[in-house]
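Examining the three-dimensional arrangement
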Amino acid sequence: MRKRILLAAWLLCSLMLPFWGQTESKKNPKLLIDGCFFMETPSELNGAKLKMAVLKSEDGRMMMLVTGVKLSEESKQYAVPLSEVKDADYWLEKANGNVKFMSMIIHTSKLAMKEGERIKPFSVQATDGTRWNDRNTLGRPLVLNFWYTGCGPCIREMPELNKWLDACPDVNYLAVTWNTPEQIQKIVERQGFRFHQVANDSALWKMFGVQQTPTTVVIDKQGVVRKLTIGTNQQKRDELLKTIRQLSAEK
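This text gives an overview of the structure that appears in the document.

Calculation notes
Throughout, residues of each chain are indexed from 1 in the direction in which the sequence is written. Owing to the predicted nature of the model, reporting of local features is limited to residues with pLDDT of at least 70; listing and counting of side-chain atom pairs is limited to 80 or more, with chain, interface and lining totals taken over all residues. Hydrogen atoms and water are omitted, and side-chain values are computed over all heavy atoms in the structure. Two axes define the bend at a residue: one fitted to the seven residues ending there, one fitted to the seven starting there, and the bend is the angle between them. Numbering goes from the N terminus for both helices and strands, where a helix is a DSSP run of H or I of at least four residues and a strand is a run of E of at least two. Accessibility here uses a 1.4 Å probe with only protein chains present; expressed as a share of the type maximum, an area under 20% marks a residue as buried, one over 50% as exposed, and anything in between as partly exposed. Working rule for contacts: check all heavy atoms of both residues, and any pair within 4.5 Å makes them a contact. Following DSSP output, two strands are said to pair if at least two bridges run between them. Comment: axis = line fitted to C-alpha atoms, over the contacting stretch for helices; angle = value between 0 and 180 degrees taken between N-to-C directions. Any cysteine sulfur atom paired with another within 2.5 Å is treated as part of a disulfide.

1. Details of helix H4 (residues 152–167)
Owing to its 3.6 residues per turn, the α-helix brings residues three or four apart onto one side. Along H4, the sharpest kink reaches roughly 45°, centred on Met158 and followed within four residues by the proline Pro159. Taken residue by residue, H4 has Pro153, Cys154, Ile155, Glu157, Met158, Leu161, Asn162, Trp164 and Leu165 as its buried positions. Along its buried surface, H4 packs onto strand S8 (142–146), strand S9 (172–176), helix H5 (181–191), strand S11 (215–219) and helix H7 (234–249).

Take a look at the structure:
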């Protein structure tokens with residue numbers, strides 16, 4: 001049981017090391033699923049019953065082999081091309097050898113609100129002094145990104161989320177954390193995170209029952225939740241931006 005917990009922790013946390021921005025000609029992904037290599041965990045792993053094994057190379061590198069999951073063609077589009085994977089043939093051959101697997105289920109936390117529900121009354125203040133509530137956010141889509149300073153994936157996706165402001169400027173973007181303004185200041189400045197920062201929050205956190213970060217919520221112009229996404233990868237970010245674009249275009 002202890003080994004299973006450690007494997008799950010390594011899959012959900014350690015695999016989210018700073019892969020973005022690799023400058024080497026060959027990449028070093030850490031996930032091998034359905035014959036495809038990934039930098040970030042595909043969406044199909046959420047809530048899936050699967051088998052995992054750790055593959056090791058002679059020079060100490062590791063690869064997580066996951067079986068029991070059938071990837072969609074859409075997810076496969078986010079895989080690292082074999083030609084860009086360092087020692088791809090070596091890892092594929094090792095995956096076909098005598099491998100010891102462990103079975104487990106990757107659990108995803110449930111939120112207190114569902115898509116299609118209207119947000120409840122709230123009032124919060126951003127670090128720049130702006131007051132936001134369920135009334136003055138109407139008329140524009142609202143995006144809530146829940147994060148905290150100990151969440152590596154949250155921090156690493158911030159530059160990607162910044163692009164949303166350029167793609168859809170007529171949207172309200174709030175980054176929500178229970179950390180203090182002082183605790184988040186250096187991270188926000190270093191990442192250039194352009195969302196309005198709502199620190200010391202409990203109201204929005206409790207309203208949505210956030211247990212896992214990052215969690216991103218997209219709300220339409222009438223205050224109805226249209227998309228809830230737990231965790232992050234490029235596929236999820238693309239789906240979120242697609243929803244934001246659609247809501248922004250609605251009359």
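2. Concerning the sheet that holds strand S1 (residues 31–33)
Read from one edge of the open sheet, five strands run S2-S1-S4-S3-S5, paired in mixed fashion. One side of each edge strand has no neighbouring strand; the edge strands of this open sheet are strand S2 (36–38) and strand S5 (102–105). Taking each pair of neighbouring strands and ignoring which way they run, the sheet shows an average axis angle of 30°. Direction of pairing for strand S3 (residues 49–56) relative to strand S4 (residues 62–67): antiparallel, over a ladder of six bridges.

3. Here's the deal with the state of the cysteines
If you walk through the whole model with that rule in mind, you get one disulfide. Residue pairing for Cys151: its cysteine sulfur links by disulfide to Cys154, the two sulfurs lying 2.1 Å apart. Handedness of the Cys151-Cys154 disulfide follows from its S-S torsion of about 80°: it is right-handed. Residue Cys151 is classed as buried on the basis of its relative accessible area, which comes to 5%.

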